[in-house]
Amino acid sequence: QKEVEQDPGPLSVPEGAIVSLNCTYSNSAFQYFMWYRQYSRKGPELLMYTYSSGNKEDGRFTAQVDKSSKYISLFIRDSQPSDSATYLCAMSEGQAGTALIFGKGTTLSVSS
Amino acid sequence: DGGITQSPKYLFRKEGQNVTLSCEQNLNHDAMYWYRQDPGQGLRLIYYSQIVNDFQKGDIAEGYSVSREKKESFPLTVTSAQKNPTAFYLCATRWGQGPYEQYFGPGTRLTVT
C-alpha cells in the first residue's frame, strides 16, 4: 500500500460547481497537510496548509483533515475555469528535516 | 523580486552527456530540494539539503549529484548514469528546520535523446 493515495481523475465539472478532491494515507504519524495547485508545465503553488485535524477556509477553498479516518479533502466552491489544474496533496510527520510525501495529483477541468 | 529561479526552462541533451540544472533562491530559506516529476508518477524526491555543505539522498538519487556551497544555490547534475533522465525537474525551498510548507520554482523540462 502506498503512503498517500490520490485519484488521478480526470475530474470534469461545469463552472460554478462544488469540487471535492481527496487523499487517503496510511501513516498515522502524519501531522502536517498541504494542498498544491499545479498548472501545466509550471511549478506547484501552495494553496492550503493545515496542522492535525480540522477545517481551514481561505476564500473559495476549504481544507479538511480527518486523522481518525486518515483522509484529507480540498473543497472548491463556485469553481472557475481558472481552477483547471492538477491538485497535489502533500503531508509530513513533522520531525525537523523530514521530507513531504506527495500524492500523484488529481487533474481538474472546469468548463464554462 | 523574491523567489526561486530555475534555468533554463527547457534543456536538450544527447545521451551520455552530463547536464547541470540551476536552482537559485533569494528567500533566505534554509532547506532546498530537488524533485523529479513524470506523467502519472507524482513528485519524487532526488536530493535535499538543510544547510550549506550538507545534503542527503532522497528516494531516487541514483544517477544524480548535487552541491550546496552557498545558501542561495543548489545545482543538480544529471549524469550519464541516470537511465531515464527525460523528465520535469522541480526545485523547492523551505524556511527553517521544521516541517513547514515548501515553495517551488518554475521547473526545468529536460529532454535527453
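Our subject in this report is the structure included herewith. (Residues numbered from 1 in each chain as written. Chains lettered and ligands numbered in written order. Predicted model: local features only at pLDDT ≥ 70, side-chain atom pairs only at ≥ 80, totals over all residues. Heavy atoms only, no water.)

Quick look at the overall build of chain B now. Along chain B, the regular secondary structure elements total zero helices and 11 strands. What you see in chain B, going N to C, is helices and strands ordered as β-β-β-β-β-β-β-β-β-β-β. Expressed along its principal axes, the backbone C-alpha trace of chain B runs to roughly 40 × 30 × 30 Å. Counting the 113 residues in chain B, one finds 50% classified as buried. Here the contacts in chain B between residues at least 6 apart in sequence split such that 51% fall between residues at least 24 apart. Total accessible area computed for chain B in this model is approximately 5500 Å², and 48% of it derives from carbon and sulfur atoms. Across chain B, 12 positive and 11 negative side-chain charges occur, with their mean positions spaced 6 Å apart. (Helix = DSSP H or I, 4+ residues; strand = E, 2+ residues; numbered from the N terminus. Buried < 20%, exposed > 50% of the residue type's maximum accessible area, 1.4 Å probe, protein only. Contact = heavy atoms within 4.5 Å. Areas by Shrake-Rupley, 256 points an atom, 1.4 Å probe, with all protein chains shown as cover. Lys, Arg positive; Asp, Glu negative; His and termini not counted. Charge placed at Lys NZ, Arg CZ, Asp CG, Glu CD.)

Here we take up the packing of aromatic side chains. Counted by the stated rule, this structure contains 13 aromatic pairs over all chains. Between A:Tyr36 and B:Phe104 the ring centres are 5.4 Å apart and the planes differ by 90°, which places this aromatic pair in the edge-to-face class. One end of the pair, A:Tyr36, is in strand E4 (residues 32-38); the other, B:Phe104, is in strand E10 (residues 102-104), on a second chain. Assessed through its relative accessible area of 0%, A:Tyr36 is described here as buried. On the basis of relative accessibility, which here comes to 12%, the residue B:Phe104 falls in the buried class. Here the aromatic residues A:Tyr36, A:Phe102, B:Tyr33, B:Tyr35, B:Tyr48 and B:Phe104 are joined through ring pairs into a cluster of three or more. (Phe/Tyr/Trp six-rings, centres within 6.5 Å; stacked < 30°, edge-to-face > 60°.)

So, on to the interface of chain A and chain B. Chain A puts 21 residues into the contact, and the matching count from chain B is 24 residues. The contact between chain A and chain B buries some 1700 Å² in all, and 58% of this surface belongs to carbon and sulfur atoms. Summed over the shared surface of chain A and chain B, the number is zero salt bridges. Between the two partners, chain A and chain B, sit two residue pairs in polar contact (both at pLDDT 80 or more). Elements represented by at least two residues in the side of chain A that touches chain B include exactly E4, strand E5 (45-51) and strand E9 (85-92) of chain A. Looking at the side of chain A that touches chain B, its residues break down into 11 nonpolar, seven polar and three charged. (Buried area = accessible area lost by both parts, 1.4 Å probe. Salt bridge = Lys/Arg side-chain N within 4 Å of Asp/Glu carboxyl O. Polar contact = N/O pair within 3.5 Å; in protein donor to acceptor, adjacent residues only side chain to side chain. Nonpolar A, V, L, I, M, F, W, Y, C, P; charged D, E, K, R; others polar.)

This paragraph deals with unusual backbone geometry. Look at the link from A:Gly9 to A:Pro10: it is a cis peptide, with omega at 10°. Along the polypeptide, A:Pro10 turns up in the loop between strand E1 (4-5) and strand E2 (11-14). Cis geometry is adopted by the peptide bond preceding B:Pro8, which originates at B:Ser7 and carries an omega value of -10°. You can see B:Pro8 is positioned in the loop between strand E1 (4-7) and strand E2 (10-13). For A:Ser52, which is not glycine, the phi torsion reads 60° and is therefore positive. Assessed through its relative accessible area of 24%, A:Ser52 is described here as partly exposed.

What follows covers the sheet that holds E1(B). Residue and element names in this part refer to chain B. Overall, antiparallel pairing links the four strands, which are arranged E1-E3-E8-E7 in an open sheet. Edge strands, defined here as strands with exactly one partner in the open sheet, are E1 and strand E7 (64-66). With strand direction ignored, the average angle separating the axes of adjacent strands in the sheet is 20°. Bridge count between E7 and strand E8 (residues 76-78): three bridges; the pairing is antiparallel. Counterpart to Tyr 64 in the pairing with E8 is Val 78. (Pairing = 2+ DSSP bridges. Axes fitted to C-alpha atoms, helices over the stretch in contact; angles between N-to-C directions.)

The subject of this paragraph is the environment of A:Asp78. By the secondary structure assignment, A:Asp78 is in the loop between strand E8 (71-76) and E9. Residues contacting A:Asp78, with those up to four places away along its chain left out, are A:Gly16, A:Ala17, A:Arg60 and A:Asp83.

Turning our eyes to something else, we now look at the environment of A:Pro8. Looking at the secondary structure, you find A:Pro8 in the loop between E1 and E2. With 84 residues separating them along the chain, A:Pro8 and A:Ser92 place their C-alpha atoms 21 Å apart.

That is the geometry; function is a separate question.
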